[in-house]
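Summary of the model geometry
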Amino acid sequence: MLNKIFKLKQNKTNVATELLAGLTTFMAMSYIIFINPAILSETGMDYNSVYVATILASMIGTFILGVIANVPYVQSAGLGLNALFTYTICGAMGFTWQQALAMVFICGVINVLITLTSVRKKVIKAIPSFMQDAITVGIGLFITYIGVKSAGLIEFSVSLVNNGIAAAADVVPQLATFSTKDIILAVIGIVITAILVSKKVKNSYLLSIVITTIIGLFMGVVDLPNFSSYSFIPSIKPTFLQLDFQGLFTAKAGIIVVIMTIFTLVISDLFDTIGTFIGTGKESGIFKIDDDGNMPKNLERALICDSSTTIVGSLLGTSNVTTYVESSVGIEAGGRTGLTAVSAAICFGLSIFLAPIVACVPMAAIAPILIFVGLSMVDNIVNINWKNTLMAIPAFFIIIMMPLSYSITTGIQFGFILYAIVNLVNKKGKEVSPIIYIFVILFIIDFIYKAIG
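Parameters at a glance
Here the residue index of a chain counts from 1 through its sequence in written order. For this predicted model, a pLDDT threshold of at least 70 governs which residues receive local features, and a threshold of 80 or more governs which side-chain atom pairs are given and counted, while totals over whole chains, interfaces and linings are taken from all residues. Only hydrogens and water are set aside when side-chain values are computed; all heavy atoms of the structure are taken into account. Elements are defined by DSSP. Helices are runs of H or I of four residues or more, strands are runs of E of two residues or more, and each kind is numbered from the N terminus. Any pair of residues with heavy atoms lying within 4.5 Å of one another is described as a contacting pair. Accessible areas in this description were obtained via Shrake-Rupley with a 1.4 Å probe; residue shielding takes into account the shown protein chains only. What makes a nonpolar core is a set of buried Ala, Val, Leu, Ile, Met, Phe, Trp, Tyr and Cys residues whose side-chain atoms join them at distances within 4.5 Å. For the exposure calls, accessible area comes from a 1.4 Å probe over protein chains only, and a residue counts as buried if that area is under 20% of its type's maximum, exposed if over 50%, partly exposed in between. For a helix, the expected span equals 1.5 Å multiplied by the residue count minus one. Axis definition: a line fitted to C-alpha atoms, over the contacting stretch in the case of helices. Angles run 0 to 180 degrees between N-to-C directions. Angles are sorted into four bins: roughly parallel if under 35 degrees, roughly antiparallel if over 145, roughly perpendicular if 65 to 115, and oblique for all others. A crossing counts as left-handed when the near helix is turned anticlockwise from the far one by less than a right angle, and as right-handed when that turn is clockwise. When residue character is reported, Ala, Val, Leu, Ile, Met, Phe, Trp, Tyr, Cys and Pro are called nonpolar, Asp, Glu, Lys and Arg charged, and the others, Gly included, polar. Each patch is built from residues that are more than 30% exposed by relative accessible area and take part in no salt bridge. Like charges join if they lie within 9 Å; nonpolar side chains (Val, Leu, Ile, Met, Phe, Trp, Tyr) join within 5 Å. Salt bridges are counted wherever a side-chain nitrogen of Lys or Arg sits within 4 Å of a carboxyl oxygen of Asp or Glu. We call Phe, Tyr and Trp rings a pair once their centres come within 6.5 Å, taking the six-membered ring for Trp, and we label the pair stacked below 30 degrees between planes, edge-to-face above 60, and tilted otherwise.

**What to know about the overall build of the protein chain**
- Assigned secondary structure in the protein chain consists of 20 helices and four strands.
- Once local pairs closer than 6 in sequence are excluded, the contacts in the protein chain between residues at least 24 apart make up 79%.
- Carbon together with sulfur atoms contributes 66% to the accessible area of the protein chain, which is approximately 19600 Å² in total.

Okay, structure coming up:
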């Protein structure tokens, strides 16, 4: 039955591989169910309610992706987007969290319309193959940077200037001293992962997480699960259906500010998703885009599912839900169908009851996996013609800006803009799709708005 539903044989996989890939993906991104409520609760939202909303939105979105699109991707509240929600929209701009949820809902509706009217499809088709390869490499480096940072292998030193006041420009990364148990455990995890991967041990990522976590128990880094003070099913009522549309459009900030803020959410959500699908799907062969740029049906369905889940998340009480780049962990572990997503969705559901167990897995056990997933994605760099500056310049900026700006969208923005510019000045502007030019204009408008906002 599962073979028929998910076409396992056709995708050269099996039930055990898919289930373990889903578990591995969940473990690699389970941090979000704790981090998201921690961030959003700073707006005044109830922590426990956001915790449940995050899990339910992740479970529903991931399950839909698995069953309808039959792809091994996982969805949850987007990091970066939740920070935008909390620190910019509710913090600097002064909107209430209820009004911010209304913005997220509208963003979801717009993205659904964009997808149904084939705008997303046309954007993907308009991206040249060398830029798709650059996106894959950029995401690989982005994932690696997340892993290195999460492992604590780099720290940020601050030079004190202006009478002891630190300037942002004087914050620089440097190699951390291996003086804490967490960092030492992460290094042990990297060594374990390197051995397992190089020896091509089956389920090496999941095995590495388990072994590193057990070592962490003996090192005193990991505590045993504690259920004594845990409420198994916190109430979602404080955030459920709390969207404030009337307050949003009568806010003192004005309608222009509201529209531009929603536009920023739409752009970020749209290109984070496109970048993730292109970067991981092309590398693994899950999304096979032909020479004419035509997309497979499963990618079209995946885009619709992704757009719809943001609406669901806003109703439950969380910021934009998006497809997670950590899905590549499960893909690298062998996941090729929607059964991987369904497996991860089940893990999300169980996490409502088993949060203390999930919390036991330290970031030091997850970080090495992210680093090695990044390693598996950078080989696409050889597909780019670095002798051709019309390709090399936009490709380089896509690749380098993703990790440095900590944003998939920013990397794509730089790549699009420079791709258009270098072709125009070399009298090859007609070779660039009109869709690219439209988004270049929108990106520039977005940059200007952020600069003056």
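**Quick look at the nonpolar core**
- Phe85, Ile127, Ile139, Phe271, Met402, Phe416 and Phe439 are the most contacted members of the largest nonpolar core, which totals 105 residues.
- Here this core gets 12 residues from one element, more than from any other, and that element is helix H12 (residues 255-284).
- Ranked by size, the runner-up nonpolar core spans 12 residues in total, among them Ile183, Leu185, Met219 and Ala364.

**Some remarks on the environment of Leu56**
- With respect to the helices, strands and loops of the structure, Leu56 is situated in helix H4 (residues 47-69).
- In sequence terms Leu56 and Ala345 are 289 residues apart; their C-alpha atoms lie 9.1 Å from each other.
- When neighbours within four sequence positions are excluded, Leu56 is seen to be in contact with Ile236, Leu316 and Ile352.

**Quick notes on helix H8 (residues 129-151)**
- The end-to-end C-alpha distance of H8, which contains 23 residues, comes to 33 Å, matching closely the 33 Å that a straight helix rising 1.5 Å per residue would cover.
- Of all 23 residues that make up H8, 17 are buried, and the element is covered over most of its length.
- Gly152 lies just past H8 and shows a positive phi near 80 degrees.

**Quick look at the packing of helix H6 (residues 97-116) against helix H13 (residues 297-316)**
- Interhelical geometry of H6 versus H13 gives an angle of 165 degrees and a closest axis separation of 8 Å. Between H6 and H13, the angle is such that the two are roughly antiparallel. Our pair here, H6 against H13, has a crossing hand that is left-handed. Between H6 and H13, the residues in contact are Leu101, Val104, Phe105, Gly108, Val109, Asn111, Val112, Thr115 and Leu116 and Leu303, Ile304, Ser307, Ser308, Thr310, Ile311, Ser314 and Leu315, respectively.
- For the contact of H6 with H13, the per-class residue count stands at 10 nonpolar, seven polar and no charged.

**Re a nonpolar patch on the surface**
- On the surface, a nonpolar cluster with roughly 540 Å² of combined accessible area is contributed by Ile233, Ile346, Leu350, Phe353, Leu354 and Ile357.
- Mapped onto the elements, Ile346 comes out in helix H15 (residues 338-351).

**A look at the packing of aromatic side chains**
- Per the stated rule, a full pass over the model turns up eight aromatic pairs.
- Geometrically, the ring pair formed by Phe26 and Phe348 is edge-to-face, given 5.1 Å between the ring centres and 85 degrees between the ring planes. Taken as a pair, Phe26 in helix H2 (residues 15-29) and Phe348 in helix H15 lie far apart in primary sequence, 322 residues in all.
- The exposure class of Phe348 is buried, given its relative accessible area of 0%.
- Both rings, one in Phe439 and one in Phe443, keep their centres 6.1 Å apart while their planes meet at 45 degrees; by these two values the pair is tilted. Residue Phe439 and its partner Phe443 are located together in helix H20 (residues 434-452), separated by four residues, close to a single helical turn.
- Classification of Phe439 by relative accessible area gives buried; the value is 8%.

**Let's talk about the packing of helix H7 (residues 119-126) against H13**
- It is the contact of H7 with H13, at a shortest axis distance of 10 Å, that shows an interaxial angle of 125 degrees. By the angle between their axes, H7 is oblique relative to H13. The handedness of the crossing between H7 and H13 comes out as right-handed. The residues of H13 that touch H7, namely those facing Arg120, Lys121 and Ile124, are Leu299, Glu300, Leu303, Asp306 and Ser307.
- The class makeup of the residues in the contact of H7 with H13 is three nonpolar, one polar and four charged.

**Some points on the environment of Ala395**
- Among the secondary structure elements, Ala395 is positioned in helix H18 (residues 389-405).
- Taking the C-alpha atoms as reference, Ala395 lies 9.4 Å from Gly411; in sequence the two are 16 residues apart.
- The contact partners of Ala395, leaving out residues within four places of it in the chain, are Phe130, Ala134, Ile384 and Trp386.

**Section: the side chain of Thr17**
- As for its placement among the helices and strands, Thr17 is situated in helix H2.
- Residue Thr17 is classed as buried on the basis of its relative accessible area, which comes to 12%.
- If sequence neighbours within four positions are ignored, Thr17 has contacts with Lys202, Ala333 and Gly334.

**Focus: unusual backbone geometry**
- Its identity is not glycine, yet Leu241 carries a phi of approximately 55 degrees, on the positive side.
- By secondary structure assignment, the location of Leu241 is in the loop between helix H10 (204-219) and helix H11 (245-249).
- One non-glycine residue, Lys427, lies in the positive phi region at around 60 degrees.
- Looking at the secondary structure, you find Lys427 in the loop between helix H19 (408-425) and H20.

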